[in-house]
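Residue-level structural notes
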Amino acid sequence: MSTARKLNLVSVEDYLAGELRSPVKHEYLGGVVYAMAGARNVHNLIASNTLVSLGGRLRGQPCPYNSDTKIRVRLPNHDRFYYPDVSVICRPNPQTDSFQDEPAVIAEVLSNRTRRIDESEKKDAYQAIPSLDVYLLIEQETAAVVVFRRGERGFLREVYQGLDAVIPLPEIESELPLAEIYESVEFTPEPRDGEA
């Protein structure tokens, strides 16, 4: 007879308190905590470019947030906390909180290690947030962004390709040029697992 291993779930309160002290960021899925992996410089450059581009257009508003900002996702049977690469929150939580509840736009920069999670688990969770209007999946190896935009019948998929493309963001009275997302980016294939 085999015995099932008992999981010791972490409470939301303990997770949030631990994140304030931890040198490593962790995501939280219904009581289970996962350490986040590091990223290549190109990933960080693309995320920073996206933040700067949106930040310049939304100047004077408390909207753009970087990858140190957790987003709480309240699902029917549990809570999750993710650290997206960039988020736009125009109805922010109090500054004393360590997370946000009402993002309007979320952007994730795709990598080989995160693609499956960003395109499925996170996409599904983020789309459950009532305030979310747009979810951006930004490629690293080519100038391309997949946009999931909330419509009357749910989220619709759009694709923007090439450095001349501009993503309209009427939801936040802005836009996002791919030339700015990919400024100074050298497109090279990302090493696959096991490659140097």
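This text follows the structure it describes.
Values in this document were obtained by computation on a predicted structure and should not be read as measured data.

This model, assessed by the stated rule, comprises eight aromatic pairs. For the pair Tyr15 and Tyr28, a centre-to-centre distance of 4.9 Å together with 35° between the ring planes defines the contact as tilted. Placement of Tyr15 in helix 1 (residues 12-21) and of Tyr28 in strand 1 (residues 26-29) is noted, with a sequence separation of 13 residues between them. Taking relative accessible area as the criterion, Tyr28 reaches 4% and is therefore assigned buried. Aromatic pair Tyr15 and Phe81: ring centres 5.3 Å apart, planes at 40°, arrangement tilted. With Tyr15 in helix 1 and Phe81 in strand 5 (residues 79-82), this residue pair connects regions lying 66 residues apart in the sequence. Among the residues examined, Phe81 registers a relative accessible area of 0% and is labelled buried. Members of the aromatic cluster, joined through ring pairs, are Tyr15, Tyr28, Phe81 and Phe99.

This brings us to unusual backbone geometry. If you check the backbone angles, Glu173 has positive phi at about 55° while not being a glycine. With respect to the secondary-structure elements, Glu173 resides in the loop between strand 12 (166-169) and strand 13 (174-177). Judged by relative accessible area, which is 75%, Glu173 ranks as exposed. In the Ramachandran plot, Ser184 falls in the positive-phi region, its phi being about 70° despite a non-glycine side chain. Relative to the helices and strands, Ser184 resides in the segment after helix 4 (178-181). By relative accessible area, which is 61% here, Ser184 ends up exposed.

What counts as what
- Numbering of residues starts from 1 in every chain and runs along the sequence as written.
- Note on the predicted model: pLDDT of at least 70 is required for a residue's local features to be given, and 80 or more for side-chain atom pairs to be given and counted; whole-chain, interface and lining totals, by contrast, use all residues.
- In computing side-chain properties, one takes all heavy atoms of the structure into account and sets aside hydrogens as well as water.
- Pairing of aromatic side chains here covers Phe, Tyr and the six-membered ring of Trp, requires ring centres within 6.5 Å, and sorts the geometry by plane angle: under 30 degrees stacked, over 60 edge-to-face, intermediate tilted.
- Numbering of helices and strands starts at the N terminus; helices are DSSP runs of H or I of at least 4 residues and strands are runs of E of at least 2.
- Buried residues are those whose accessible area, probed at 1.4 Å on protein chains only, stays under 20% of the maximum for their type, while exposed residues exceed 50% and partly exposed ones sit between those limits.

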